[in-house]
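Examining the three-dimensional arrangement
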Amino acid sequence: MGFIKKNLVFTIIVFVCIMAFAAGAYLALAESGKIDQAKQKITSAESQLKSMRFADPAPTQENVEASAENVSELEAELRKIREDLEQGARISTSTDGISVMASIQQFISRYQREAAALTDIDGESVEIIVPDDFAFGFEQYLDEARMLDDENLIPVLDKQRQILSYLLDKLYGAEPESILSVEREVLELKAEGTGSAKGFAINSAITSKVSGAIDTLAFRLTFTGYTDSLRRLLNDLAKFDFPIVVRSIEVERPSGISTTAKVPANNNLDAFFGVFDGGSNSEAEVPEEAQKPVISENISTFTVVLEFIEIALPAQSAGDNV
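Notes on the structure follow. Note that the structure is a prediction, hence the values are computed from the model and not measured. (Residues numbered from 1 in each chain as written. Predicted model: local features only at pLDDT ≥ 70, side-chain atom pairs only at ≥ 80, totals over all residues. Heavy atoms only, no water.)

1. Considerations on the overall build of the chain
The criterion, for reference: The helix and strand labels rest on DSSP assignments: H or I over at least four residues marks a helix, E over at least two residues marks a strand, and numbering proceeds from the N terminus. Whether a residue is buried, partly exposed or exposed follows from its accessible area with a 1.4 Å probe, protein chains only, as a fraction of its type maximum: under 20%, in between, or over 50%, in that order. Under the convention used here, a 1.4 Å probe and the Shrake-Rupley method define accessible areas, while residue burial counts only the protein chains that appear.
On a plain count of helices and strands, the chain comes out with 10 helices and 5 strands. The burial tally for the chain puts 33% of its 322 residues in the buried class. When the accessible surface of the chain is split by element, carbon and sulfur atoms take 54% of a total near 19,700 Å².

Okay, structure coming up:
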């Protein structure tokens, strides 16, 4: 203490120097930490830049342009898919129950008559055998003009009639030996609370229906004939004049053995709906010869399940996506 009192000025100077040194050391350590953090950020950025430079594809100008072109092609394909799906909008339906019932009666009479008076391309008679009083999916309207109370179902019924007309024209053109059954989704039974036991219902595992996006109407045709009849029908449907997708095919051979064939994608839309229903598009394409049915000598029974596809997305939202 005596030394401090005798050298007070010197002591104060030394103390100030010590405090300045401590402050300087603290600031130096703090700045060193900041420098280390900055170095880490620079190292990380350099690593990311290097990864991007060697990425596949690398973000070069050429790749960016190629990506933009690919997006444009995908948008064009999406527009084409939508246009194909909206072909169903060409069907004009009626809300007049009386005229719809009359059209159904005419529909039944027409195809009963044509089944007995069909001719092939050479003008020779080709009769297609159908059951007695066959109504081609409208059995409940065969004997009486039964009216519907639900006005929302009348245009759907009219649409089903027109779709079945298209399908039957294709089936008649395929010249089967006989038609065993024509089934449609009997929506009016569900609306009246009578269940769906009397109507065909497509398996939920194969339907293309997506709530709020895709609406469908399902049908099932069962007929007998040779392989050529099935092939002609599928080839005609593959032209996609109407947005109808084949969902499954069952073949029953004369021996009684039945097989289910997976339908190969005949167009982009079939692959498109495979995505919706959980199917995989990664399978290798089946060679054309392997896709052909192998039953050639005997008359077999074919059951074909089909869906008429309608897009339910609003036009504006679809435009926003492209």
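2. Some points on a nonpolar patch on the surface
For clarity, the threshold we go by: Every patch collects residues that have over 30% relative accessible area and no salt bridge, joining them within 9 Å if they carry like charges and within 5 Å if they are nonpolar side chains (Val, Leu, Ile, Met, Phe, Trp, Tyr). One side-chain nitrogen of Lys or Arg within 4 Å of one carboxyl oxygen of Asp or Glu is enough to make a salt bridge.
A contiguous nonpolar surface patch, about 500 Å² in accessible area, is contributed by Leu 8, Ile 12, Phe 15, Val 16 and Met 19. Within the secondary structure layout, Val 16 lies in helix α2 (residues 8-53).

3. Re helix α5 (residues 153-173)
The condition is simple: Here the expected length of a helix is defined as 1.5 Å per residue gap, with one fewer gap than residues.
Across its 21 residues, α5 extends 30 Å between first and last C-alpha, which sits within 8% of the 30 Å expected from 1.5 Å per residue. Most of α5 is tucked away: 17 of the 21 residues are buried. Positive phi appears at Glu 175, one or two residues downstream of α5, with a value of about 55°.

4. Quick word on the pattern of salt bridges
One pass over the full model with this rule turns up 11 salt bridges. Asp 158 serves as the salt-bridge partner of Arg 161, at 2.9 Å between the closest nitrogen and oxygen. Note that Arg 161 and Asp 158 are positioned in helix α5 at a spacing of 3 residues, about one turn of the helix. The salt bridge partner of Glu 307 is Arg 247, with a shortest N-O separation of 3.8 Å. Here Arg 247 lies in strand β3 (residues 244-252) and Glu 307 lies in strand β5 (residues 300-311), a separation of 60 residues in the sequence. Classification of Arg 247 by relative accessible area gives buried; the value is 13%. Each member of the salt-bridge network shares a partner with another, and the members are Arg 110, Glu 114 and Asp 169.

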